[in-house]
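One letter stands for each residue in the lines below.
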Amino acid sequence: MEKTLVVILTLLTASGILTQKDMDGKVFLMPRETSTSYVRLYPMRNGPIANLTVCLKCHTELARTYSLFSLATANKYNDFLMFHYTNRFSIYVGNQQLFFNIPSTAELRSICVSWGSLSGEVVLWINGNPYPRKIIMKGYRVNSNPIIIIGQEQDSYGGGFDAAQSFVGEISDLHMWDRVLSSQDLMDVLYNSNMSGNVINWQNLTYETKGEVLVLPQLCKLNYKPDCCNIPT
Ligand SMILES: *[C@@H]1O[C@H](CO)[C@@H](O)[C@H](O)[C@H]1NC(C)=O
Ligand SMILES: *[C@@H]1O[C@H](CO)[C@@H](O)[C@H](O)[C@H]1NC(C)=O
Ligand SMILES: *[C@@H]1O[C@H](CO)[C@@H](O)[C@H](O)[C@H]1NC(C)=O
C-alpha cells in the first residue's frame, strides 16, 4: 500500500512552494481555525467542465459550517463548491446552491459528488450511500481556469477567506474527473482505491500549501484487516 514518491518536483514561486508528489497514504492536516491556512490544488485540465466527479475523505470534529472543496473562476466564486452546514450538505454549481439533509457526525467520511450538465443531475454519496438525486444548472459549463482550494472558502477569485468557514481536520484521497463516474467506478474508488482522477490525482498531486498545513501519514481504524483505510467497511 505504501508507495514511494514517484516525483518530487519543487519549484519556488514568489508566493509559496509548488510541490508535485504521490500523496498515497498521506493526509493534509489543517490543525487550527484560520483565514490564512489552505492548500491550492492545481488541476491537470483547465476546463470548461460539462461533467465532473469529486471524491475525497475527510475527518473533522467541526460542528459549524465549513468548506470542503472550493472551485472559483474569474466571475463565479462558487462555480463548484462542496460546503457543509450543521446537518446539511450543500453543493453549488455556477453559483446556484442546493442542499442535502445529512446527519452530523465526526466519523471519517468518504464523500463523492458528481454533476452532469446534460441532465443537471447531482449525485451525492457519503460512505458509499447515495442520497436522493437533485437537478441543478442543466446545460451549464463550469468556467475555465479554476482556482481550487481546500481548507478555505473563496469569496473572491483565489481569496476572500473567512475563518468561520475554514476546514479544521484531515483531508485525503482527493480525486477529480471531468466525467460522471458510474456506480461501478465509485466502487473501485472507495473499495479498491485503483481509480485516479484525470483532473486532480491524489497519486500525482500538484499543490501549494499556505500557512499551517501538515502532510502526515494516514491513521487507520485499528482492526484485524490490513487494508482498513478503505471506507465504508
Ligand atoms: C503528473 O502530473 C504532471 C503535471 O500535471 C504531468 O505532467 C505528469 O505526466 C503526471 N505524471 C503521471 C505519472 O501521471
Ligand atoms: C457530458 O456527459 C454527457 C452524458 O454522459 C455526454 O453526452 C457529453 O458528451 C459530456 N460532455 C463532455 C464535454 O464531455
Ligand atoms: C480495480 O480493481 C477491481 C477489483 O480488483 C477491478 O475489477 C477493476 O477492473 C480495477 N479497476 C481499474 C480501473 O483498474
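As the structure is a prediction and not an experimental result, all values here were calculated from the model.

The secondary structure content of the protein amounts to one helix and 17 strands. Within the protein, residue pairs in contact and separated by at least 24 positions form 66% of the contacts whose partners lie at least 6 positions apart. When the accessible surface of the protein is totalled, it reaches about 10,900 Å², and 52% of it is carbon and sulfur.

Bringing the site of ligand 3 into the picture now. As a matter of local geometry, ligand 3 sits amid D188, N192, N194 and M195. In the environment of ligand 3, a nitrogen atom lies 3.4 Å from a nitrogen or oxygen atom belonging to the side chain of D188. N194 has a polar side-chain atom sitting 2.2 Å from an oxygen atom of ligand 3. Contact with the protein chains hides 37% of the accessible area of ligand 3, taken as 360 Å² for the molecule alone.

The next subject is the site of ligand 2. The environment of ligand 2 is made up of A50, N51 and L118. Contact between ligand 2 and N51: an oxygen atom at 2.6 Å from a side-chain N or O atom of the residue. When isolated, ligand 2 has an accessible area of 360 Å², and the protein chains bury 36% of it.

Below, the discussion takes up the state of the cysteines. This structure, assessed with the given rule, holds one disulfide. The disulfide partner of C55 is C112, and the S-S distance across this bridge is 2.1 Å. Taking the sign of the torsion about the S-S bond as the criterion, the disulfide between C55 and C112, at about 115°, is right-handed. Separated by 57 residues along the polypeptide, C55 in strand β5 (residues 51–59) and C112 in strand β10 (residues 109–116) bring together distant segments of the chain. Each member of the pair, C55 as well as C112, is classed as buried.

A few words on the pattern of salt bridges. Inspection of the entire model under this criterion finds five salt bridges. Close ionic contact of E121 with R133 constitutes a salt bridge, the shortest N to O distance being 3.7 Å. With a gap of twelve residues between them, E121 in strand β11 (residues 121–126) and R133 in the loop between β12 (129–130) and β13 (134–135) connect regions that are remote in the sequence. Take R133: its relative accessible area is 61%, and that puts it in the exposed class.

In the structure shown here, the tally under the stated rule is nine aromatic pairs. Relative to Y85, the ring of F83 has its centre 5.0 Å away and its plane inclined at 70°; by these criteria the two rings are edge-to-face. Aromatic rings pair up to connect F28, W202 and Y207 into one cluster. One residue, R88, lies across the ring of Y85, its end atom 5.6 Å from the ring centre. Taking the ring centre of F100 as reference, the NZ or CZ of K134 above it sits at 4.7 Å.

We now examine the environment of N127. Positionally, N127 belongs in the loop between β11 and β12. The sequence separation of N127 and L190 amounts to 63 residues, and the corresponding C-alpha distance is 8.3 Å. Looking at N127, its side chain comes within polar contact range of the main-chain nitrogen of S110, at 2.7 Å.

Quick look at the environment of G197 now. Following the sequence through the fold, G197 ends up in the loop between α1 (183–192) and β16 (205–210). G197 sits in the buried class, given a relative accessible area of 6%. When the C-alpha atoms of G197 and R179 are compared, they prove to be 9.7 Å apart, with 18 residues separating the residues in sequence.

You can see Q152 is positioned in the loop between β14 (147–150) and β15 (169–177). Residue class for Q152 comes out buried when judged on its relative accessible area of 0%. There is a polar contact of 2.9 Å between the side chain of Q152 and the backbone oxygen of T34. One polar contact links the side chain of Q152 to the main-chain carbonyl oxygen of S37, over a distance of 3.0 Å. Each residue touching Q152, except ones within four places of it in the same chain, is listed here: T34, S35, T36, S37, Y38, S67, S70, F161, D162 and S166.

Criteria and thresholds
Within every chain, residues take consecutive numbers counted from 1 along the sequence as written. Going through the entries in the order they are written, you letter the chains from A and number the ligands from 1. Where local features are concerned, this predicted model is filtered to residues with pLDDT of at least 70; where side-chain atom pairs are given and counted, the filter is 80 or more; whole-chain, interface and lining totals use all residues. Processing note: side-chain calculations cover all non-hydrogen atoms of the structure and skip hydrogens and water entirely. Secondary structure is summarised from DSSP: a helix means a run of H or I of at least four residues, a strand means a run of E of at least two, and numbering begins at the N terminus for each. Pairs of residues are marked as contacts when any of their non-hydrogen atoms sit within 4.5 Å. Each accessible area is a Shrake-Rupley result for a 1.4 Å probe, and residues are judged covered by the shown protein chains and nothing else. Throughout this document, a residue counts as near a molecule or strand when at least one of its heavy atoms sits within 4 Å of that molecule or strand. What qualifies as a polar contact is a pair of N or O atoms within 3.5 Å, subject to a donor-acceptor requirement within protein and to the restriction that residues adjacent in sequence count only when both atoms come from side chains. A pair of sulfur atoms, both from cysteines and within 2.5 Å, is called a disulfide here. Only protein chains enter the area calculation, which uses a 1.4 Å probe; residues under 20% of their type maximum are buried, those over 50% are exposed, and those in between are partly exposed. The salt bridge definition used is simple: a Lys or Arg side-chain nitrogen within 4 Å of an Asp or Glu carboxyl oxygen. For Phe, Tyr and Trp, rings pair up if their centres lie within 6.5 Å, where Trp contributes its six-membered ring, and each pair is then called stacked (planes under 30 degrees apart), edge-to-face (over 60) or tilted (otherwise). Put simply, a charge is over a ring when the Lys NZ or the Arg CZ is close to the ring centre, within 6 Å, and near the line of the ring normal, within 35 degrees.

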